[in-house]
Amino acid sequence: MIMLCLYTCQSTKTMADNLYKTTWELDYITGPRIAFNGLYPDKKPQITFNKTTNHVEGNASCNGYRAEYTINDNNISFGEPGPTTMMYCGEGEQTFLSMMKKINKYSFDDEGKLVLMLDDVAMMRFKKVN
């Protein structure tokens, strides 16, 4: 019983640690009727997790954003995005930001990509860019 807890606690810590010290770029989002490359023709949304401040920062494809996040095991939630620049860049940015509000879990797939989920359904997937 104790060995199981030690393994579980360690694997959860290791999983969360994989979020940090990298920038993640969106390569899949569910829901919109517009093709992925149509939503993000010029620049794909990116997200970076700051472990010290518990904020995520990035680019929603055109405008920058910043929001708080909370992690508990494989559960994750994001606060309301803070100040952003106000350039209009099509539907992709609003699709991305509204999807972030729905996310409640995360995992990593076999390729090491970050998967953000609503319950057990993959809603967004990100690849490492650095």
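Residues numbered from 1 in each chain as written. Predicted model: local features only at pLDDT ≥ 70, side-chain atom pairs only at ≥ 80, totals over all residues. Heavy atoms only, no water.

A.B. asks: Help me out: how do you make sense of the overall build of the protein chain in this one?
C.D. replies: Counting secondary structure elements, the protein chain contains three helices and eight strands. Mapped from its N terminus to its C terminus, the protein chain presents α and β elements in the order α-β-α-β-β-β-β-α-β-β-β. Buried positions account for 34% of the 130 residues belonging to the protein chain. Sequence-distant contacts in the protein chain: of pairs separated by 6 or more residues, those separated by 24 or more amount to 46%. (Helix = DSSP H or I, 4+ residues; strand = E, 2+ residues; numbered from the N terminus. Buried < 20%, exposed > 50% of the residue type's maximum accessible area, 1.4 Å probe, protein only. Contact = heavy atoms within 4.5 Å.)

A.B. asks: What is the right way to read empty space enclosed by the protein from this model?
C.D. replies: The probe, sized like a water molecule, is rolled over the atoms to show the empty space still left. Summed over all chains, the structure comprises one cavity of 30 Å³ or more. Roughly 30 Å³ of volume is contained in the largest cavity. For the lining of the largest cavity, the elements supplying multiple residues, two or more each, are strand E4 (64–72) and helix H3 (91–102). Taken together, the residues of the lining of the largest cavity break down into seven nonpolar, one polar and no charged. (1 Å grid on protein atoms, 1.4 Å probe; cavity = no way out; pocket = protein on both sides within 12 Å on 5 of 7 lines; lining within 4 Å. Points joined across faces, edges and corners; volume = space filled by probe spheres on them. Nonpolar A, V, L, I, M, F, W, Y, C, P; charged D, E, K, R; others polar.)

A.B. asks: Just checking my understanding: could you explain the pairing of strand E5 (residues 75–78) for this structure?
C.D. replies: When a strand is regular, its side chains alternate between the sheet's two faces. Only one face of E5 is buried, namely the one carrying Ile76 and Phe78, since none of Asn75 and Ser77 on the opposite face is buried. Both E4 and E5 contribute to a ladder of four bridges, which runs antiparallel. Looking across to E5, one finds that Ile71 is bridged to Ile76. The turn linking E4 back onto E5 is made up of two residues, and Asp73 within it adopts a positive phi angle of 60 degrees. (Pairing = 2+ DSSP bridges.)

A.B. asks: Where do I start with the side chain of Asp27 in this structure?
C.D. replies: Position of Asp27 among the secondary structure elements: in strand E1 (residues 23–29). Side chain to side chain, Asp27 and Lys113 meet in a polar contact 2.8 Å long. If sequence neighbours within four positions are ignored, Asp27 has contacts with Phe36, Lys113, Arg125, Phe126 and Lys127. (Polar contact = N/O pair within 3.5 Å; in protein donor to acceptor, adjacent residues only side chain to side chain.)

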